[in-house]
Amino acid sequence: MLEIKNLHATVDGKEILKGINLTINPGEVHAIMGPNGSGKSTLSYVLSGRDGYEVTEGSVTFQGKDLLAMEAEERAAEGVFLAFQYPVEIPGVSNTTFLKTALNAVRKHKGLPELDAMQFLKLIRAKAKALNMNDDMIKRAVNVGFSGGEKKRNDILQMAMLEPSFAILDETDSGLDIDALKLVADGVNSLRSPERSMLVITHYQRLLSYIVPDHVHVLAYGRIVRSGGKELALELEAKGYAEFGSPEAA
Amino acid sequence: MAAIATLKDLYETLSPGLPGAGAAGLDRLRADGYARFLADGIPTPKVEGWKYTNLRDLAGVSLAPAQPAANTDIDLPSVAPGETHRLVFVDGRFNAALSAVGTLPQGVTLDSLRGLIEASPAYAAEVLDRFPAPKSDTGLRVGPNPGRGQALGLVGLNGAFLAEGAVLTVGEGVKLAQPVEFVFIATATDGAWHPRLLIDVAAGGEVTVAEHHVARGGGATFANIVSGVRVGEGAILRHAKFQEEAETALHLASVTATVAASATYETFVLTTGGRLARTDVQVRLEGSGAQTRVSGTYGVDGSRHADFTSLIDHVAANCTSREVVKGVIDGRGRAVFQGKIIVRPDAQKTDGHQLNRALLLSDTAEIDAKPELEIYADDVKCSHGATAGELDEEALFYLRARGIPADTARALLIAAFLDEVAEEIGDERLRGHAMARIQERIGRLTGITVDTDATVLGE
Ligand SMILES: Nc1ncnc2c1ncn2[C@@H]1O[C@H](COP(=O)(O)OP(=O)(O)O)[C@@H](O)[C@H]1O
Ligand SMILES: [Mg+2]
């Protein structure tokens with residue numbers, strides 16, 4: 001599904017990712033944990049194609065294709081999805097217009113017919129209901145006036161609509177109360193399938209008891225310094241990240 | 001601009017043939033206009049209010065009356081097709097065949113100025129005299145100001161050739177259900193017209209007016225429009241102008257409105273056409289509790305120029321003004337926003353707000369914004385804000401990360417930026433038309449037609 005090899009990336013000339021290696025097979029859920037500033041969001045942006053993140057070395061292959069050669073929208077259409085650590089507010093663009101435009105762009109890329117207004121509304125209402133989002137929320141401007149938790153749910157709604165084959169969840173648990181966390185985790189788990197892989201970035205073990213990972217990695221100062229099974233998350237929760245060194249050491 | 005000598009010939013040749021020539025009132029109005037033009041000339045950047053819009057490089061614009069192209073089928077723009085009272089002007093000249101005044105309620109008159117003059121020059125002159133004239137002395141500041149008093153050359157030019165235009169009067173307490181439309185169609189390759197548009201809404205009256213300026217084959221034409229507006233006590237006038245002429249056209253317009261106690265004047269200006277287009281709006285809030293909402297949007301690309309200049313003059317107490325102007329500038333396009341709010345000494349409890357925002361889509365796009373507050377009363381609430389910026393990169397990435405192609409994402413964000421202005425429009429027919437025209441313009445700017453909430457929700 002996804003193969004990251006020796007990935008180095010810089011932001012504003014500063015090297016943030018210093019040789020990441022990671023292979024994610026179809027159906028697997030990998031968790032990335034690590035201290036603040038270790039490069040987790042940077043990795044998610046590099047994978048989803050954000051401008052300003054320069055890959056200086058290494059490769060990323062996604063379903064046999066060179067992911068890094070694609071524009072952000074192409075990656076999304078190919079099935080890469082990023083749930084943002086900080087979902088963006090877009091005044092004046094309603095959720096419905098946004099999602100219909102996105103869904104039809106992705107469908108077009110896949111050679112599927114575009115959905116008309118009726119089909120689209122039926123679909124979004126069903127998906128929103130599962131996330132406990134009402135009609136008002138889906139008609140409002142994207143994330144404008146949404147609480148932190150609502151924004152995260154909105155991102156998961158987008159994921160449910162677009163049905164990506166590889167989803168990156170960047171601290172989707174932060175700012176969620178336990179009920180919202182369960183809703184979001186249910187939303188994510190309902191998308192788990194043998195064809196779909198996920199990269200769950202989190203700071204806390206809490207999320208991983210709801211979205212149980214197959215593998216856990218520790219990212220510290222731009223490198224994956226340790227990998228293990230789901231029990232690693234518990235160990236990290238108990239011990240913290242101190243043993244993985246300081247930026248100077250990296 | 002043609003030389004003054006040429007203009008003198010033109011004036012002397014055309015005057016005797018204008019409707020009502022020889023009638024005292026009209027001769028006086030035209031002579032006054034001509035004298036004003038000779039005194040003030042075409043505004044130069046030294047004139048207050050004309051610093052950023054330079055008419056110098058317009059030499060060569062023909063001031064001769066435009067000659068309509070062979071009259072092909074002309075489709076008319078409308079905010080409510082089939083449901084308006086309509087006067088149509090082709091290349092500035094009233095066209096009775098295309099007009100459809102329909103049945104007007106008791107107490108309402110809607111005439112072409114030419115028709116009114118032909119019927120009674122004396123009455124026409126009386127009507128013309130009733131309307132406020134734009135003032136060049138726009139502030140109360142004293143002291144040397146070299147530009148003062150020289151900004152009325154274009155208004156003078158309009159007066160010199162006074163013949164065409166429209167006069168709408170709405171009697172006391174009369175509320176028109178259907179909008180009134182003034183439709184200006186440019187078909188000529190060049191040439192000028194100088195219409196006078198007059199709207200008088202008596203106390204308690206209510207009317208919606210849409211003004212269209214569109215090209216149907218038209219080229220480097222020059223429209224020099226002067227409008228006078230009177231909104232009587234408690235009356236409501238909702239006015240929108242859609243300026244969508246050819247990319248080579250020149251459009252200069254000045255609107256002067258007086259608003260009486262508890263009356264409301266809403267005016268919206270869309271500027272998407274012309275190589276140079278300027279609308280100068282002056283609103284005087286003369287009676288306690290008068291309100292005005294001034295809004296506008298423009299889209300310029302290429303090397304085109306749009307200028308929105310306004311003066312909101314709080315003369316009386318307890319008046320409210322709200323102004324929102326937003327535009328998009330691409331290529332080497334240039335936009336000008338000048339907005340002045342005056343609060344006179346008696347205008348206590350004034351509530352005046354002004355917002356100007358420009359979206360710059362290229363490195364060579366340019367905006368000159370000059371917001372000004374002149375406040376002489378102490379118990380007032382006034383604010384203004386001006387911003388200029390680029391498209392939000394984060395928002396752009398968010399949209400693209402969901403599979404939306406970059407150009408579509410841009411078009412969506414531009415539409416979102418401009419839609420906010422349309423929301424300022426109170427009349428839903430004017431608003432609907434404004435939104436549709438904005439979408440169309442974005443479509444031409446970006447090559448992308450975006451979904452709107454209306455199409456997505458099937459509403
Ligand atoms: N736009 C940027 N410009 C400069 N440095 C940045 C930028 N974005 C992130 N960084 C730096 O990159 C490092 C990694 O940040 P980030 O990927 O957000 O970490 P994490 O998500 O693991 O907390 C931090 O040191 C941060 O300060
Ligand atoms: Mg982060």
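To be clear, the structure that these remarks concern was listed above.
Residues numbered from 1 in each chain as written. Chains lettered and ligands numbered in written order. Predicted model: local features only at pLDDT ≥ 70, side-chain atom pairs only at ≥ 80, totals over all residues. Heavy atoms only, no water.

1. Re the overall build of chain A
Part 1 of the reasoning: Along the backbone of chain A there are eight helices and twelve strands.
Part 2 of the reasoning: If you line up chain A on its principal axes, its C-alpha atoms span 55 × 40 × 35 Å.
Part 3 of the reasoning: Considering chain A as a whole, with its 250 residues, one finds that 56% of them fall into the buried category.
Part 4 of the reasoning: Excluding contacts between residues fewer than 6 apart, the proportion of contacts in chain A whose partners are at least 24 apart in sequence is 69%.
Part 5 of the reasoning: Carbon and sulfur atoms make up 49% of the accessible area of chain A, which totals about 10300 Å². (Helix = DSSP H or I, 4+ residues; strand = E, 2+ residues; numbered from the N terminus. Buried < 20%, exposed > 50% of the residue type's maximum accessible area, 1.4 Å probe, protein only. Contact = heavy atoms within 4.5 Å. Areas by Shrake-Rupley, 256 points an atom, 1.4 Å probe, with all protein chains shown as cover.)

2. A short note on empty space enclosed by the protein
Residues and elements named next belong to chain B.
Part 1 of the reasoning: Applying the stated criterion across every chain, the model contains six cavities of 30 Å³ or more.
Part 2 of the reasoning: Put simply, the second largest cavity is a space of about 80 Å³.
Part 3 of the reasoning: Forming the boundary of the second largest cavity are Leu270, Thr272, Thr297, Tyr298, Gly299, Val328, Leu418, Ile438, Arg441, Ile442 and Leu445.
Part 4 of the reasoning: Looking at the lining of the second largest cavity, the elements with two or more residues in it are β14 (291-300) and α8 (428-446).
Part 5 of the reasoning: Here the lining of the second largest cavity gets four residues from one element, more than from any other, and that element is α8.
Part 6 of the reasoning: Residue composition of the lining of the second largest cavity, grouped by class: seven nonpolar, three polar and one charged. (1 Å grid on protein atoms, 1.4 Å probe; cavity = no way out; pocket = protein on both sides within 12 Å on 5 of 7 lines; lining within 4 Å. Points joined across faces, edges and corners; volume = space filled by probe spheres on them. Nonpolar A, V, L, I, M, F, W, Y, C, P; charged D, E, K, R; others polar.)

3. Points about the coordination of the magnesium ion (ligand 2)
Residue and element names in this part refer to chain A.
Part 1 of the reasoning: Protein coordination at the magnesium ion (ligand 2) comes from Ser41 (OG) and Gln85 (OE1), with a distance range of 2.1 to 2.2 Å. Here the residue serine 41 occupies a position in helix α1 (residues 40-48), and glutamine 85 occupies one in the loop between β6 (80-83) and β7 (90-94), the gap between them amounting to 44 residues.
Part 2 of the reasoning: The exposure class of serine 41 is buried, given its relative accessible area of 19%.
Part 3 of the reasoning: Judged by relative accessible area, glutamine 85 falls into the buried class, the value being 12%. (Donors = N, O, S within 2.8 Å, 3.2 Å for Na, K, Ca; no water.)

4. A closer look at the interface of chain B and chain A
Part 1 of the reasoning: Across the contact, 24 residues belong to chain B and 39 residues belong to chain A.
Part 2 of the reasoning: Carbon and sulfur atoms supply 64% of the area that chain B and chain A bury against each other, a total of about 2600 Å² over both sides.
Part 3 of the reasoning: Of all residues in chain B, the largest losses of buried area upon contact with chain A belong to Phe397(B), Tyr398(B) and Arg402(B), amounting jointly to 32% of the total for that side.
Part 4 of the reasoning: Applying the counting criterion to the chain B and chain A interface returns four salt bridges.
Part 5 of the reasoning: With a closest N to O distance of 2.7 Å, Glu71(A) and Arg400(B) form a salt bridge.
Part 6 of the reasoning: Counting only elements with at least two residues in the side of chain B that touches chain A, the list comes to α6 (393-400), α7 (406-422) and α9 (453-457) of chain B.
Part 7 of the reasoning: Counting residues per element, the side of chain B that touches chain A draws most heavily on α6(B), which supplies six residues. (Buried area = accessible area lost by both parts, 1.4 Å probe. Salt bridge = Lys/Arg side-chain N within 4 Å of Asp/Glu carboxyl O.)

5. Considerations on the packing of aromatic side chains
Part 1 of the reasoning: One pass over the full model with this rule turns up twelve aromatic pairs over all chains.
Part 2 of the reasoning: Three or more aromatic residues link up through ring pairs in this structure, and these residues are Tyr45(A), Tyr53(A), Phe84(A), Phe98(A), Phe397(B) and Tyr398(B).
Part 3 of the reasoning: Against the face of Tyr45(A) rests Arg50(A), its NZ or CZ located 4.6 Å from the ring centre.
Part 4 of the reasoning: The ring of Trp50(B) is capped by Arg278(B), whose NZ or CZ atom sits 3.6 Å from the centre of that ring. (Phe/Tyr/Trp six-rings, centres within 6.5 Å; stacked < 30°, edge-to-face > 60°. Lys NZ or Arg CZ within 6 Å of the ring centre and 35° of its normal.)

6. A few points about the sheet that holds strand β18 (residues 350-360) of chain B
Residue and element names in this part refer to chain B.
Part 1 of the reasoning: Strands sit in the order β2-β1-β5-β8-β10-β12-β14-β16-β18-β20 across an open sheet of ten strands; the sheet is mixed. The strands lining the two open edges of the sheet, one partner per strand, are β2 (93-100) and β20 (380-389). Strand-to-strand twist across the sheet, computed as the mean angle between neighbouring axes with direction ignored, equals 10°.
Part 2 of the reasoning: Pairing of strand β1 (residues 85-90) with strand β5 (residues 180-186) involves six bridges; the strand directions are parallel. Bridging from a neighbouring strand, valine 88 pairs with valine 183 of β5.
Part 3 of the reasoning: Seen against the sheet, α7 touches β12 (264-271), β14, β16 (320-329) and β18 and runs at an angle of roughly 160° to β16. (Pairing = 2+ DSSP bridges. Axes fitted to C-alpha atoms, helices over the stretch in contact; angles between N-to-C directions.)

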